[in-house]
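Tertiary structure, described
Single-letter residue listing:
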Amino acid sequence: MAERDDPEIIGRRVQQLRTERGLTQKQLAEPVYTPAYISTVEAGRVRASEPALRHIAGRLGIAYEELATGRPAHLATDLRLRLTDAQRTLSTGEAEVAAGTYAVLLAEAEAHGLVAEQAAALLGLGECALDTGDLETAQRRFEESEQRMGDAPLTQRVPAVRGRAVSHYLAGELRYSCYLFESTLDELNRTGLHDPEALLLLYTGVIAPYMDMGAHARAAQAAEFALALAPQVQDPALVARMHRSVARTMIAEGRIAEADVSLAKAAELYRQLQIRTELANCHWMRGYLYAQNGELERAEDELREAQAMLSAKRAALYTSQVAVELADVLHRRGRSDEAGELLRQVLGDLNSERGAIHAAAAHRLLGIIAEDARDTEAAEEHYVRAMSLLERAGAAGDLADLCRLLGDLLRRTGRVEAALDAYRTGLGHRTAPGTTTLGPAPAQPPL
C-alpha cells in the first residue's frame, strides 16, 4: 500500500480539510456515521472503508481520489494531456523547450506518486537528449524510464528499450545496440507478446546497426518483417519511420526506385504530422539515395535542406553527420577544398563515443583528399584514425573497405608487408558477410 493511503496520513488530511471548512465531526459524520467514528479516522486508528471515504469526501466537497491519495482530482489526466503537448513540441524540433516541459511534468508526477507518468516524462527527456546529441543523458533517462515501469509488460517497456538501443548505436556501440534489439525481439516473439507496434518499433530500429555492422541479410529480413507488420499499426509516425528505415536496405540492394517511393511516403506522412526533425531525416536519406545513384546535384540539394532544418532545430549531432555525407558529395563533384573545410569543422563534434561511424567516414574522406594532394603521411594518419573508430564500433563492412584503402596506400609507398597485413585485416572482417557474432537471429513474428 502506498504511503499516501496510510490511515494516519488520511486522518490528518480529513482533519485539516474539515477544520478549513469550519465543520464539526458531527456535521462531517451525518447522517451515516457517528462523530466517534470520524474521531478514530482522524486519529489514524482505523482504516476507513472506501464507502466511508467517499461519504467524507462528499461532505468535504472534494473528489474521493484527492482525499484518499492527496492528488488533486483529474491530475493524472491533466498530466497525460500535457505530456502529449510536450511530445508535439518535440516533434516540431524544439527539443530544448520540450525538455523543460518534460522536467516540470516529471517533478509533478514524482510529487504525487504517479509512476506511469514519471516513466512517460523520462522517456520524453530521453528523446529530447537524443535530438540534441547528449547521448549519455539519453541512455540514463531511458534506463530510468524502464526502471520506473518495474514489472509492467515488456510491450510497454519497448519504447524505452528502443531509446537505449538507439543511443548506444549513435555512440558507436553497434554490437550492444544489436543485442538490446535482438534480445527484446526474441523475448516478445518467444513469449507470444506479438504487439504489432512494439515489434515494428524494434524491427525498424535494428536496421541501421545491422547495416553498419555489415549484417545486410539480417537488415533485409528485419525490413521484410517491418513491411509485413505495418498494415496492423495505427500510428502514422511509426509507419513513416518504418518507410524511412526500410529505404536503406532497398538502396543497398540497388532498388533505388522502390527506396525513393518509401521515402516519399515517409516524407508525406511527416509533413501531415508536422514532425520537422523526422522530415529533415527524410531529406537526409534522400540525399544519400541520390548520392548512391550518382545524382550528385540532387544529392547536394537534399543534404543541404536536411542540414539547414536540423541546424535550425539545434540537432547538433545529426547536423554534423549530415555534413559528413554532404562533404562526400562535394568531393565527388570536384570541390575537395570545400569538402575538407566542412569535415574539419564538424570533426570536433564527432568522436568514438558520439557519432563514431560518421567520425570514421570523415577521417576516411580526409585521407582520400590528402592522397589526391599527394600528402601520403596525412592520408595514412586519417586512415589509421578511421580504422580505430570502426574497429571499436564493430562496423565490419566499412572497416574492410578502409583496410583496402590503407593497404593500397602502403603498397604504393613500398611497404609491402604492412600492406599485406592491412589486406588480411580487411579480409578477416569479410569472412562472415550478413551475420553478427550475437548468435541466432531472433525468432520470427507471426505474420
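Calculation criteria
- Residues numbered from 1 in each chain as written.
- Predicted model: local features only at pLDDT ≥ 70, side-chain atom pairs only at ≥ 80, totals over all residues.
- Heavy atoms only, no water.
- Phe/Tyr/Trp six-rings, centres within 6.5 Å; stacked < 30°, edge-to-face > 60°.
- Helix = DSSP H or I, 4+ residues; strand = E, 2+ residues; numbered from the N terminus.
- pLDDT = per-residue confidence, 0-100.
- Contact = heavy atoms within 4.5 Å.
- UniProt positions renumbered as here; feature names shortened; annotations may be inferred.
- Core = buried A, V, L, I, M, F, W, Y, C linked by side-chain atoms within 4.5 Å.
- Buried < 20%, exposed > 50% of the residue type's maximum accessible area, 1.4 Å probe, protein only.
- Domains from an automatic or database assignment.
- Expected span 1.5 Å × (residues − 1).
- Arc of directions from axis to C-beta.

A separate point is the packing of aromatic side chains. Per the stated rule, a full pass over the model turns up four aromatic pairs. Between the aromatic rings of Y33 and Y37, the centroid separation amounts to 5.2 Å while the plane-to-plane angle is 20°, which identifies the pairing as stacked. Both rings, one in Y176 and one in Y179, keep their centres 5.9 Å apart while their planes meet at 25°; by these two values the pair is stacked. Taken together, the positions of Y176 and Y179, both in helix α11 (residues 174-190) and three residues apart, correspond to about one turn of that helix.

Moving on, we get to the confidence of the model for the protein chain. Low-pLDDT stretches of the model should not have their predicted coordinates read in fine detail. Confidence in the prediction for the protein chain averages 89 pLDDT; 95% of positions are at 70 or higher. Within the protein chain, helix α5 (residues 64-69) has the poorest average pLDDT of any element, 82, and helix α9 (residues 135-149) the best, 96. Note on residues 431-437: pLDDT under 50 across the span, and 13 contacts to partners over four residues away in sequence or across chains.

Turning our eyes to something else, we now look at unusual backbone geometry. Along the chain, E30 connects to P31 via a cis peptide bond; the corresponding omega equals -5°. Mapped onto the elements of the fold, P31 is located in the loop between α2 (25-29) and α3 (35-42). Positive phi outside glycine occurs at Q274, with the angle close to 60°. Of note, Q274 is situated in the loop between α15 (256-273) and α16 (276-292).

Attention now moves to the UniProt feature "coiled-coil region" (unreviewed entry) in the protein chain. With numbering aligned to this structure, UniProt lists the feature "coiled-coil region" (unreviewed entry) at residues 289-316. Split by type, residues 289-316 is 79% helix and 0% strand. Its first and last C-alpha atoms lie 22 Å apart.

Let's shift gears to the nonpolar core. Membership of the largest hydrophobic core comes to 109 residues, with the highest contact counts inside it found for L170, Y203, L343 and Y383. Among the elements that take part in this core, helix α12 (residues 196-212) stands out by supplying ten residues, more than any other. A domain-level breakdown of this core finds at least three residues from each of domain 2 (275-345) and domain 3 (350-431). Once you skip the residues sitting within four places of it in the chain, Y383 turns out to touch R364, G367, I368, E371, L402, L405, L406 and L409. Among the nonpolar cores identified, the runner-up in size contains 17 residues, and L83, Y102, L122 and C128 belong to it.

Once that is clear, we can look at the domain arrangement of the protein chain. Size of an interface: often given as the accessible area lost when the parts come together. Looking at the protein chain, the domain boundaries give domain 1 (7-70), domain 2 (275-345) and domain 3 (350-431). A straight line from the C-alpha centre of domain 1 to that of domain 3 covers 74 Å.

This part takes up helix α6 (residues 75-91). Over its 17 residues, α6 runs 24 Å from end to end, which matches the ideal 24 Å to within 8%, given 1.5 Å per residue. Within the span of α6, buried status applies to L75, A76, L79, L83, A86, L90 and S91. What you see down the axis of α6 is that its buried residues fit within an arc of 155°, all on one side. Following α6 by one or two positions, G93 adopts a phi angle in the positive range, close to 100°.

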